[in-house]
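What the coordinates show
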Amino acid sequence: MNDFQFEYPFVLLFIPLYFFITFVFKHKEQTYFIPNFLEILPSVKRKRDIKKTLKYLLIFLTLIALASPTQRYKTIDTNLHTLDIILSLDTSGSMSLVGLNPFDYNQTRLDVVKNVVKDFLQTRKKDKIGLVVFGDRSAVVSPLSSQAQALLNPLSKINTGVVGNSTALIDSIVQASKLLKHSSSSSKLIILLSDGDDTVSKVPLEIALKIAQKQNIKIYTIAIGESNNNLLALLSQQTGAKSFVATNTKDLKEIYSTITTLEAITHNKKKITHLRYFYKYPLLLSILILFFLIFLQTKSQELSIFSKNILKKITHYPELTKHLAEKKLLFFILFLFFTTLWQPTIYFQEDRVQKNVVPLVIALDISSSMAQQEFYPNRLNFGVKKTEELLKISQNLRTALLLFSREAFLASPLSEDTNSLSFVLSNLSLNFQNGSNLFSALEGAEYILHGNKAKNILLVSDGTSSQSFLQEAQYLKEKGLKLFVLNVSKESSQNTALQKLSLLSGGAFVQATYSNNDLQSLLQDIAKNFQERETYKKIENKKEPMQLFYYPLFLAILLLFFIFIREYDLKKVNFFLLFFSLFLLKEVPQVLNAGLLDFHNIKKAKESFLQENYQKSIKIYSSLKQTDRIRYNLANALYKAKKYNKAIEIYQSIKPQKNKIQAMIYYNCANAYIYLHKYKLAKRNYVLSLKLGNDTMAQDNLNALLLFLQKKHHPKVFTEDKYKLPKYMSASSKEPQDVISSNYTVQLTKLVTKEIDGWKKVINKEKPLIFLQKIKTKRSSQNADKDD
Amino acid sequence: MIQSLLPTNRPLAEILLKTQESVFSSKIGENTTNIEGSGYDFVHLKEYVHGDDVKHIDWLVSAKLNKPYVRVFQEQRELHLVIVPLLCTSVCFGVKVLKQDIITEICALLSFSCVKQNNTFSSYISQDITSLCTPRSKSIFNVRTLVEKTFEHKTLSKNIDYQALFKILYIHERKKSLLFLVGDFFQTDSFDVYALCTKHELTCIVVRDRFEEEPESLGKLHLRDPSSGDSAFVELNAKASAKIKQKVAHSDSLFFEKLTRAGVRFIKIYTDEDPAKKIISLMSTLS
């Protein structure tokens, strides 16, 4: 295997550093001042300094050990990453057109989409998926739920014109963003499917985009048919996603799979690689060397016949005579080396337990008896509040919301996203209906919970008038349902039968109070019940042991450096060698200096741009590292040099952060298109520019262009003066570093924040539509029609 | 004095304490000199020569022997000491104790005993330039000045100019006095002391370290000569040790011969010895 590599190759840089220091600085050579001996004794050859070579070797080997040579022998992909996806479907009138499926002309667009989405839901089992539809307004069908199956039922009930025939595309983005607000996933997606342009949205595009961008939401857009997909393209481009066009069923299927693979590519890089560590081998060698060094050090202690104070006086470098301290340090380093050899590791026994989630259907009674003001403000609202509290407290519930009176309505399928659930709950428009049919709740719950092991229903009700629930008890037993009741009436006499029923089914009956105790006991009951029955598997995810050997080794290296460098006089630089080495450094890696000259080049390019020497400017800009700003300036220069095609190409490759700059790019693009006589494209770009920022110049040009297109003759506005220089070009070319003058931006941002704040208030105030799915009930309880 | 010195210069204070103890505990002052003069202590009789004091003629002996004899007396008690530490470069060496410290100790010893016996002393510090350290006095303050200066004197790359030293001593010290030269006396080629000995009584105290005369074998060492600044690798082994021993013995023998011929008292003190005892033993014997 050729997977041999250093974990931290930059550590190896310290080797030349050490060599450099030893090379450049003067070595402190210890000499002893002993009088009269030199005259008598002959001088002998300098003894070979083994120590020096040993020290080099020691540093070299230890640094190699610290750089941690490894070999990869196994890689395991971990698919821990999950997506939070909100599917936003267009249900406007145009979706009822046929022809998307070439094999079956009876299928409308929506039918095809629904089929594809169904397939999609079945493939994404790990991800949390929510569903929003839009027509005149946008409606929440389901908040984020990890059980994709739960979405299938409401999906099948969606028809064209469910929320009106027009297209509130942008509103739906805002709605989806609201649902994603509390998402903790690192990739939040909105997959927006539409066949038309936005027609009735209240929220401006800019605001919606800002909200999405702020939450890091990627909006993938799918346009159906040859509609005007500019808006969709813009949306996806601005949020860093992609937009697609689907003209038939096959396209659509492929698009859905590409979206998920795209996300998978960008995020599923988490790979656990098993490494073999080889640091022990150089470390063993360095331990041997260190032993030898210590041995040599002890041998040189012969000079100990001199007392300490005198040794200080008769040596040239008294600081080097502290043998003892140095020896202690060397022993400490040896100790550190041995600790490293021992291979300290930490095992993070991080068991990723799949949450023991309890499926629970909360059935809210909306019969007219709930309007009684026994609890504040009335039974129903009190019940709703209680439910909200319950959702807040609960930790491992997967909850669905059901409204029932004579019939049952599904407000939200099973979902763990308690935030979204309470969002749905608080935005329900509750109309009282006559009659309370217990069977409707039970059957609805069964409908939702079908296939789940545990089936729990929480009835938030004031009870019914019927006194015996034989049929119901039988039904409960048959389906394995457990009935929990949160009683929101104070007439306990009415509900003895209900209490019996709940106890019979293995559930609990709790009287609602103003405090939270009732909810606590309820949750406890549910959890207890659950533990008795269910044994969910814990999924343990054993993590690769974390190596800790770097730390003692790093400390050892530091100490070694400290000890060894003490032998060099850092004040006395060998200047000749310094210059020589610097010269070498400058000669060999030219790359190191490349970054330094960029500044100068930018200046040069700017100057030649101002001197209208565009060719030179282009040349310099294209030689530099291609950042957004450089590319923008390059495109400007190209524009000036009348190479419009290339300029447009580069303009479109820029993805700036600020809308203002994007608007400028569109504007410049549009101008370039006019020179190329592509008026339609120019018009579109002007429009896009205007959408991002109001600008008189662009407006003027657009008006002139429209006039021109109408009259089909060359208007006066198209004189060279007007289009010679796009508006922002001069500003940008003056300051290639910053495109907008600072003064202007400050004002602009202030204004924008004010606007967005206002919009946020409006958005928050607005109650979203909640899609209620009617569940058909076959049976009915006794006295169901009678209202109590 | 010591109290004020102790916190600032502890090693020096220790030296002073040590010397004071030895000065006050032993009768260091019973020293003898060769100087004859108008004292009271009778030394011997000698035949009258022209110019002798007539007053000193011992008439009784003269009558007995029919020749005029005069009594000779020792010089009176009040002596003048001149202490000269020779602080050349090689003084800053030693194995356990620096030679310079021993020299300081000896200087302190001499000057203290001088003050104690109510004698005057003056001192010079000799290097390549000889300078007056303390003028003639009896005060204990001068003891401290001398000791401090000797202790803290920088010794690097200084060689002693004996000619200049002797000249200065000859001119400066007009009265006949006891001269003490304290040093290691390695380079003694220019040591010519006859003229000085006619005027003063001279004592040489040779301070040496045993390592210098017979070094232990330490293997290869990078040595630097403190006086010349030359450096070289030198191997210290048994052979080298013998060579050094021989060389030092040779030069010492030449030096001591010079001294005995000039009638100079001398003593060798090693750094591992107690200088007080040695000096007392020196002072109590006549040369």
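In this text, all values refer to a predicted model and were calculated from it rather than measured experimentally.

Summing up its helical and strand segments, chain A has 30 helices and 22 strands in all. The 788 residues of chain A split such that 50% are buried. For chain A, contacts bridging at least 24 residues in sequence account for 79% of all contacts bridging at least 6. Accessible area of chain A: about 39500 Å², with a carbon and sulfur share of 56%.

By size, the foremost hydrophobic cluster in this structure holds 68 residues, and its most contacted members are A:Leu169, A:Leu235 and A:Leu458. Setting aside chain neighbours within four positions, we find A:Leu458 in contact with A:Leu360, A:Val361, A:Ile362, A:Ala363, A:Leu390, A:Phe484, A:Val485, A:Leu486 and A:Leu522. In terms of nonpolar packing, the next biggest core, distinct from the first, is built from 64 residues, B:Leu81, B:Cys107, B:Ile205 and B:Leu259 among them.

Let us now look at the packing of helix α4 (residues 99–116) of chain B against helix α5 (residues 140–152) of chain B. All names here are of chain B. It is the contact of α4 with α5, at a shortest axis distance of 9 Å, that shows an interaxial angle of 170°. The orientation of α4 with respect to α5, classified from their angle, is roughly antiparallel. Listed contacts from α5 to Gln100, Asp101, Ile103, Thr104, Cys107, Ala108, Ser111, Phe112 and Val115 of α4 are Ile140, Val143, Leu146, Val147, Thr150 and Phe151. By residue class, the composition of the contact of α4 with α5 is ten nonpolar, four polar and one charged.

Residues and elements named next belong to chain B. Strands sit in the order β5-β4-β3-β6-β7-β10 across an open sheet of six strands; the sheet is mixed. What marks the edges here is a single partner per strand, and that holds for β5 (130–137) and β10 (265–270). With strand direction ignored, the average angle separating the axes of adjacent strands in the sheet is 15°. As paired elements, strand β6 (residues 178–183) and strand β7 (residues 201–208) share six bridges and run parallel to each other. Paired with phenylalanine 180 across the bridge in β7 is threonine 203. Here helix α10 (residues 275–283) sits on the sheet and contacts β6, β7 and β10; the angle it forms with β10, its principal contact strand, is near 165°.

This next bit is on helix α16 (residues 470–479) of chain A. Residues and elements named next belong to chain A. Within α16 the residues assigned to the buried category are Glu472, Ala473, Tyr475 and Leu476. Taken end-on, α16 shows its buried residues confined to a sector of 160°, consistent with a single buried face. Along α16, the residues that are exposed and aim more than 90 degrees away from the buried face are Leu470, Gln474, Lys477 and Glu478. In this structure, the buried side of α16 is in contact with α15 (438–449), β16 (455–461), β17 (481–487) and α17 (496–504).

A word on the packing of α4(B) against α10(B). What describes two packed helices is the angle between their axes and the distance between those same axes. Residue and element names in this part refer to chain B. Between α4 and α10, whose axes approach to 10 Å, the crossing angle comes to 50°. When the interaxial angle is binned, α4 and α10 end up oblique. The chirality of how α4 crosses α10 is right-handed. Here Glu105, Ile106, Leu109 and Leu110 of α4 lie close against α10, whose contacting residues are Pro275, Ala276 and Ile279. For the contact of α4 with α10, the residue count by class is six nonpolar, no polar and one charged.

The subject of this paragraph is the packing of aromatic side chains. What the rule picks out here adds up to 35 aromatic pairs over all chains. Note on A:Phe439 and A:Tyr475: the rings are 5.4 Å apart at their centroids and 80° apart in plane angle, and the pair reads as edge-to-face. Of the two residues, A:Phe439 is situated in helix α15 and A:Tyr475 in helix α16; the sequence distance between them amounts to 36 residues. Arranged with centres 5.8 Å apart and planes meeting at 45°, the rings of B:Phe93 and B:Phe211 form a pair that is tilted. On the criterion of sequence distance, the pair formed by B:Phe93 in the loop between β3 (80–85) and α4 and B:Phe211 in helix α8 (residues 210–213) is long-range, its members being 118 residues apart. Here the two residues B:Phe93 and B:Phe211 agree in accessibility, since each one is buried. Joined through ring pairs, the aromatic side chains of B:Tyr162, B:Phe166, B:Phe185, B:Phe191, B:Phe255, B:Phe256 and B:Phe266 make up one cluster. Over the ring of B:Tyr170 we find B:Lys199, and its NZ or CZ is 5.0 Å from the ring centre.

Next up on the list: the pattern of salt bridges. The full count for this structure, using the stated rule, is 19 salt bridges over all chains. Residue A:Glu446 is joined to A:Lys455 by a salt bridge in which the shortest nitrogen-to-oxygen separation is 3.4 Å. Look at A:Lys455 and you get buried, because its relative accessible area is 10%. Taking the shortest distance from any N to any O, the salt bridge between B:Asp52 and B:Lys46 comes out at 3.6 Å. Take B:Lys46: its relative accessible area is 32%, and that puts it in the partly exposed class. If you follow the salt bridges from partner to partner, you end up with B:Arg208, B:Glu213, B:Asp252 and B:Lys268 in one network.

This part takes up the interface of chain B and chain A. Contacts between the two partners involve 33 residues from chain B and, on the opposite side, 28 residues from chain A. Both faces considered, chain B and chain A share a buried interface measuring about 3100 Å² in area, 71% of it formed by carbon and sulfur atoms. Sorting the residues of chain B by area buried against chain A places B:His222, B:Arg224 and B:Phe233 first, and these three jointly supply 20% of that buried surface. Counting across the chain B and chain A interface gives zero salt bridges. Looking at the side of chain B that touches chain A, the elements that each hand over two or more residues are α8, β8 (219–224), β9 (231–236) and α9 (238–262) of chain B. It is β9(B) that contributes the most residues to the side of chain B that touches chain A, six residues altogether. Looking at the side of chain B that touches chain A residue by residue, the classes come out as 18 nonpolar, five polar and ten charged. Across two bridges, strand β3 (residues 32–33) of chain A lies against β8(B) in parallel orientation. Within β8(B), the residue paired with A:Phe33 across the bridge is B:Arg224.

Looking at where A:Asn36 falls in the secondary structure, it is placed in the loop between β3 and α2 (37–40). For A:Asn36, the side chain forms a polar contact with the side chain of B:Gln187, separated by 3.4 Å.

Once that is clear, we can look at the sheet that holds strand β7 (residues 138–145) of chain A. Residue and element names in this part refer to chain A. Taken together, seven strands build an open sheet; the order of strands is β10-β9-β8-β5-β6-β7-β21 and the sheet is mixed. Where the open sheet ends on each side, the last strands, each with one partner, are β10 (243–246) and β21 (769–770). Strand direction decides the pairing type here: strand β5 (residues 83–90) and strand β8 (residues 187–194), joined by seven bridges, are parallel. Following the sheet pairing, leucine 83 is matched in β8 by serine 187. Strand contacts of helix α4 (residues 109–123): β5, β6 (128–134), β8 and β9 (217–224), with the helix running at about 170° to β5, the strand carrying the most contacts. Packing against the sheet, helix α6 (residues 169–179) makes contact with β5, β6, β7, β8 and β9, and its axis sits at approximately 30° to β7.

Time to look at the pairing of β3(B). All names here are of chain B. The buried count for β3 comes to six of six residues, which makes it a mostly enclosed element. Residue alternation in β3 divides its side chains into two sets, His80, Val82 and Val84 and Leu81, Ile83 and Pro85, and both sets are buried. Pairing between β3 and strand β4 (residues 120–126): four bridges, direction parallel. The residue of β4 that forms the bridge with leucine 81 is phenylalanine 121. A crossover connection joins β3 to the parallel β4 through α4; in handedness this β-α-β unit is right-handed. For β3 and β6, the ladder comprises five bridges, and the chain directions are parallel. Considered in β6, the bridge of leucine 81 is made with leucine 178.

With 91% of its residues at a pLDDT of 70 or more, chain B has an overall mean of 84. Put simply, helix α1 (residues 2–5) of chain B is where chain B has its lowest mean pLDDT, 73, and helix α3 (residues 59–65) of chain B is where it has its highest, 92.

Nonpolar side chains collect at one region of the surface, where A:Tyr8, A:Phe10 and A:Leu13 lie side by side and expose about 330 Å² of accessible area between them. Its place among the elements puts A:Phe10 in the loop between β1 (4–6) and α1 (14–24).

Rules and cut-offs
Residues numbered from 1 in each chain as written. Chains lettered and ligands numbered in written order. Predicted model: local features only at pLDDT ≥ 70, side-chain atom pairs only at ≥ 80, totals over all residues. Heavy atoms only, no water. Helix = DSSP H or I, 4+ residues; strand = E, 2+ residues; numbered from the N terminus. Buried < 20%, exposed > 50% of the residue type's maximum accessible area, 1.4 Å probe, protein only. Contact = heavy atoms within 4.5 Å. Areas by Shrake-Rupley, 256 points an atom, 1.4 Å probe, with all protein chains shown as cover. Core = buried A, V, L, I, M, F, W, Y, C linked by side-chain atoms within 4.5 Å. Axes fitted to C-alpha atoms, helices over the stretch in contact; angles between N-to-C directions. Parallel < 35°, antiparallel > 145°, perpendicular 65-115°, else oblique. Nonpolar A, V, L, I, M, F, W, Y, C, P; charged D, E, K, R; others polar. Pairing = 2+ DSSP bridges. Arc of directions from axis to C-beta. Left-handed = near helix turned anticlockwise from the far one by under 90°. Phe/Tyr/Trp six-rings, centres within 6.5 Å; stacked < 30°, edge-to-face > 60°. Lys NZ or Arg CZ within 6 Å of the ring centre and 35° of its normal. Salt bridge = Lys/Arg side-chain N within 4 Å of Asp/Glu carboxyl O. Buried area = accessible area lost by both parts, 1.4 Å probe. Polar contact = N/O pair within 3.5 Å; in protein donor to acceptor, adjacent residues only side chain to side chain. Right-handed = clockwise from strand over helix to strand, strands pointing away. pLDDT = per-residue confidence, 0-100. Patch = residues over 30% accessible without salt bridge, like charges linked within 9 Å, V, L, I, M, F, W, Y side chains within 5 Å.

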